[in-house]
Amino acid sequence: MPSVLGIDIGGTFTDFFLIEDDRLRVYKRASTSDDPARGVLDGLAEMDVRPEQVVHGSTVATNAIIERKGARTALINSRGFRDVLVIGRQNRPRLYDLEPERPPPLIPDALRLEADERLDHEGRVLQPLDPAQAEQLLDSLQGQGVESLAVCFLFSFLNPGHERLVAEAARRRGLPVSPSHEVLPEHREYERTSTTVANAYVGPIIARYLSRLQDGLQRRGVGQLRVMASNGGSISPAAAGRLAVRTAVSGPAAGVAGAFALTGRAGFDRIITIDMGGTSTDVSLCPGRILERDETQVGDLPIRGATVDVLSVGAGGGSIARLDAGGALRVGPESAGADPGPACYGRGDEPTVTDAQVALGRIAPEHFLGGRMAIRSELSLQALEPLAGPFAHDPRLAADAVLRVANTNMERALRVVSVERGHDPHLFTLVAFGGAGPLHACDLAQSLRIPRVLVPPHPGVLSALGMAIAPVAKELSAAAGLAIGPEAASEGSDQGALHPLFDDLRRRGEEELRDEGFATAPLVSQRYLEMRYVGQSYELSVPVDSLSPAHFLSRFHTAHHERYGHSDSSRPVEVVSVRLKLILPAQALPLTSPPAAAGDPLLGQREVWFDGPQRTAVYDRTRLQPGFRLKGPAVVVQMDATTAVPPGWQGTVDQWGNLVLERSQA
């Protein structure tokens, strides 16, 4: 198998996970926020490796949308629909906010233009688009310095002819263009427009970034580059530049994929993941499989498309703690990031969650990042002083309060993906990763009555691992608009109207894979039907093995009952659209656990705060042999993360090198 390097760029650190000749190697370094590609290339030089394949994920697309630093973008849509981005939906995320403020759309009024064209609800042309008008619209936009164009016409997912006309004219001029029939050929006008606009907005940024990265990798002798997508698969740089919005949550998706792969072989298939990095915490629930959703939100913008079901909250190691105007302690969502970073890094002076951990002794400065990065605990205590007033003027009591508030924020997210969706956390294992996840996991598990915590061998770089083992995945969709009566459930034959749709998607997918330099064998296909009861507004994505109504109607009724608590097999069902996922299997994880280093794993004891100062054992994770047992209070140190084991907890190292923590028996 070729050597594969997974690289995950976070807000604070850039992580590397190399699989080479059944051997694993990990590395971690500070991110370079001014140019993320530089951090990647510097990390390769420091590791002195030349992998044959690099699978890369980053927050470049997400940050460009949130920070409003994308390309100068224009929108052309059907006459009468130029304000669809402003009108949006009637959803109110803050129900009791009496003076809600919505951020302005990504595209200003002057750059949203209308074309005289119209299709009906079946895709038939009511008013043809004059090619001369398309050229006039493009002349106007280029005169205003537009760098990218989104095109979204009414019902173009049924007949893309008018969109193709504008897109071809724009490409002849060298103007990057995102037609909605290429980005999201589905109904629901606002979401289709917002997704297409977001794609156009970040497309040039991603394309330039990947071009620089690819050039740098080639100079270093690295072979193929792939880019992590939000659905847990990887795509080519060309596809990532064309469909940039599909990389928006690539890091969190990779973390869930990596966690599920590791825990599955260890015998834990029902897991809740908590990925706590420097900027945010991402949580996901996997009830025996990785769950997907068809829409996510970046900032306040809805982005449609298959995405691993992850919930993110602004609670990371770099989250800033402060006292608000009423004297209440707040933590996040603002983050100190990589620069200046937490106060203990020596460049900033604002107290963060990491500073609270350092002040309480749970992070050992001499072992942070393998000793390659200086951590100054006195700076953490100094930064916490302004918060100490309400806590008997003791910065350690303030630090303990900071951790409690941060845990409350994360606990709320864990409840959303479990209890609020009908799952009992007691039946799951909490998988903790990210640089800070294992520091908080036991406290969170205790609050939610989760019986055990699993910390993977390399928790701080697990998202990079997920990228290294990510398969190549091509996802395509098409509108169906097919109503099926309940009597069809007794039919044994396939639904004939669906076969041509899937056949066309497979042909297009294989052609695109070949054009992007991938093989088309062995190719695994997964089929999904987006279904709803006739008259409903929203649909469910149902995986199907057969196109027989007897099969997929039964699956839909079951899925509807699981989601909403009721179903009705006597009602007609509508297949709104079809989706095909083509998968090329990728690198497999080595079947053996990394060998433990020789030597005594006990490094000594230190004073660590667990509801007060306690003498605490400190262990070297690299020396923990399978079968090793420890009792809390304990701290387990390694290059990429630190694990805190509170009093009342005990741990065992399994045959795969995972540290499995459970409450001690009373």
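Overview of the structure. Owing to the predicted nature of the structure, the values given are computational and were not obtained by experimental measurement.

Observations regarding the overall build of the chain
Helix and strand counts for the chain come out as 16 helices and 32 strands. Taking 26 Å as the expected radius of gyration for a compact globule of 666 residues, we find that the chain reaches 26 Å, a close match to that expectation. Reported as C-alpha extents along the three principal axes, the dimensions of the chain are approximately 80 × 60 × 55 Å. Across the 666 residues of the chain, 55% fall into the buried class. Put simply, 67% of the contacts in the chain that link residues at least 6 apart link residues at least 24 apart. Carbon together with sulfur atoms contributes 49% to the accessible area of the chain, which is approximately 27500 Å² in total. Here the chain carries 68 positive and 80 negative side-chain charges, and the mean point of each set is 2 Å from the other.

Some thoughts on the pairing of strand β21 (residues 452–455)
Here three bridges tie strand β20 (residues 429–433) to β21, and the two strands are oriented parallel to one another. Looking across to β21, one finds that Thr429 is bridged to Arg452. Crossover handedness for the path β20 to helix α13 (residues 437–448) to β21: right-handed. The sheet contact formed by β21 and strand β32 (residues 659–663) spans four bridges and is antiparallel. Residue pairing across strands places Val453 opposite Leu661, the latter belonging to β32.

A few points about empty space enclosed by the protein
By the definition in use, this model includes two cavities of 30 Å³ or more. Approximately 60 Å³ is the volume found for the second largest cavity. What lines the second largest cavity is simply His56, Gly57, Ser58, Val60, Ala61, Ile206, Tyr209, Leu210, Val227, Met228, Thr247 and Ser250. Breaking the lining of the second largest cavity down by element, the ones donating at least two residues are β4 (53–57), α2 (60–66), α7 (189–219) and β11 (224–228). For the lining of the second largest cavity, the leading source of residues is α7, giving three residues. Here the residues of the lining of the second largest cavity are counted per class, giving seven nonpolar, five polar and no charged.

Focus: the sheet that holds β21
Strand pairing in a sheet takes place through backbone hydrogen bonds and is either antiparallel or parallel in direction. Strand order across the open sheet formed by eight strands is β17-β14-β13-β20-β21-β32-β31-β28, with mixed pairing between neighbours. In this open sheet, the two strands that pair with only one neighbour each are β17 (311–313) and β28 (629–631). For this sheet, the mean inter-axis angle between neighbouring strands, taken without regard to orientation, is 20°. Bridge analysis of β28 against strand β31 (residues 649–653) gives three bridges, and the strand direction is antiparallel. If you follow Lys631 over to β31, its bridge partner there is Gln650. Where helix α12 (residues 395–417) meets the sheet, it contacts β13 (270–276), β14 (281–287), β17 and β20, and its direction lies at approximately 150° from that of β13.

Remarks on the state of the cysteines
Two cysteines whose sulfur atoms are joined by a covalent bond form what is called a disulfide. Going through the model one piece at a time under the given rule, you end up with zero disulfides. Between Cys286, a cysteine without a disulfide, and Cys442, which holds the nearest cysteine sulfur, the sulfur-to-sulfur distance is 20 Å. Using a relative accessible area of 0% as the deciding quantity, one classes Cys286 as buried.

A few points about the pairing of strand β2 (residues 13–20)
Within β2, seven of the eight residues are buried, which leaves it mostly tucked inside the rest of the structure. In this structure, the hairpin formed by strand β1 (residues 4–9) and β2 is closed by a connection of three residues. Hairpin connection, β2 to strand β3 (residues 23–30): the antiparallel pair is bridged by two residues, and Asp21 has positive phi, about 55°.

Notes on the packing of helix α1 (residues 36–47) against α7
At a minimum axis separation of 9 Å, α1 and α7 run at an interaxial angle of 15°. As far as their axial angle goes, α7 and α1 are roughly parallel. For the pair α1 and α7, the crossing hand works out as right-handed. Together, Pro36, Ala37, Val40, Leu41 and Leu44 of α1 and Tyr209, Leu213, Gly216 and Leu217 of α7 make up the contact between the two elements. The class makeup of the residues in the contact of α1 with α7 is eight nonpolar, one polar and no charged.

What to know about the sheet that holds strand β30 (residues 642–645)
An order of β26-β27-β29-β30 is seen for the four strands of this open sheet, with the pairing classed as mixed. A single partner strand is all that each edge strand has here, and the edge strands are β26 (602–609) and β30. Each adjacent strand pair in this sheet contributes to an overall mean axis angle of 25°, direction not counted. Where strand β27 (residues 613–620) lies against strand β29 (residues 634–637), four bridges are found, and the strand directions are parallel. When the bridges of β29 are listed, Ala617 appears paired with Ala634.

Notes on the side chain of His56
One can find His56 in strand β4. Apart from residues lying up to four places away in sequence, His56 is in contact with Ile7, Ile9, Val40, Tyr209, Leu210, Leu213, Leu225, Arg226, Val227, Met228 and Met467.

Quick word on the nonpolar core
Soluble globular proteins tend to bury their nonpolar side chains together. Ranked by size, the top nonpolar core spans 67 residues in total, and within it Leu5, Ile76, Leu141, Leu149, Val166, Leu213 and Leu217 carry the most contacts. With 11 residues, α7 is the largest single contributor of residues to this core. Those residues within four positions of Leu213 in sequence are excluded, and the remaining contacts are Ala37, Val40, Leu41, His56 and Leu225. Of all hydrophobic cores here, the second largest spans 51 residues; its members include Leu291, Ala401, Leu430 and Val645.

What counts and how
- Residues numbered from 1 in each chain as written.
- Predicted model: local features only at pLDDT ≥ 70, side-chain atom pairs only at ≥ 80, totals over all residues.
- Heavy atoms only, no water.
- Helix = DSSP H or I, 4+ residues; strand = E, 2+ residues; numbered from the N terminus.
- Rg over C-alpha atoms; globule rule 2.2 N^0.38 Å.
- Buried < 20%, exposed > 50% of the residue type's maximum accessible area, 1.4 Å probe, protein only.
- Contact = heavy atoms within 4.5 Å.
- Areas by Shrake-Rupley, 256 points an atom, 1.4 Å probe, with all protein chains shown as cover.
- Lys, Arg positive; Asp, Glu negative; His and termini not counted.
- Charge placed at Lys NZ, Arg CZ, Asp CG, Glu CD.
- Pairing = 2+ DSSP bridges.
- Right-handed = clockwise from strand over helix to strand, strands pointing away.
- 1 Å grid on protein atoms, 1.4 Å probe; cavity = no way out; pocket = protein on both sides within 12 Å on 5 of 7 lines; lining within 4 Å.
- Points joined across faces, edges and corners; volume = space filled by probe spheres on them.
- Nonpolar A, V, L, I, M, F, W, Y, C, P; charged D, E, K, R; others polar.
- Axes fitted to C-alpha atoms, helices over the stretch in contact; angles between N-to-C directions.
- Disulfide = S-S within 2.5 Å.
- Parallel < 35°, antiparallel > 145°, perpendicular 65-115°, else oblique.
- Left-handed = near helix turned anticlockwise from the far one by under 90°.
- Core = buried A, V, L, I, M, F, W, Y, C linked by side-chain atoms within 4.5 Å.

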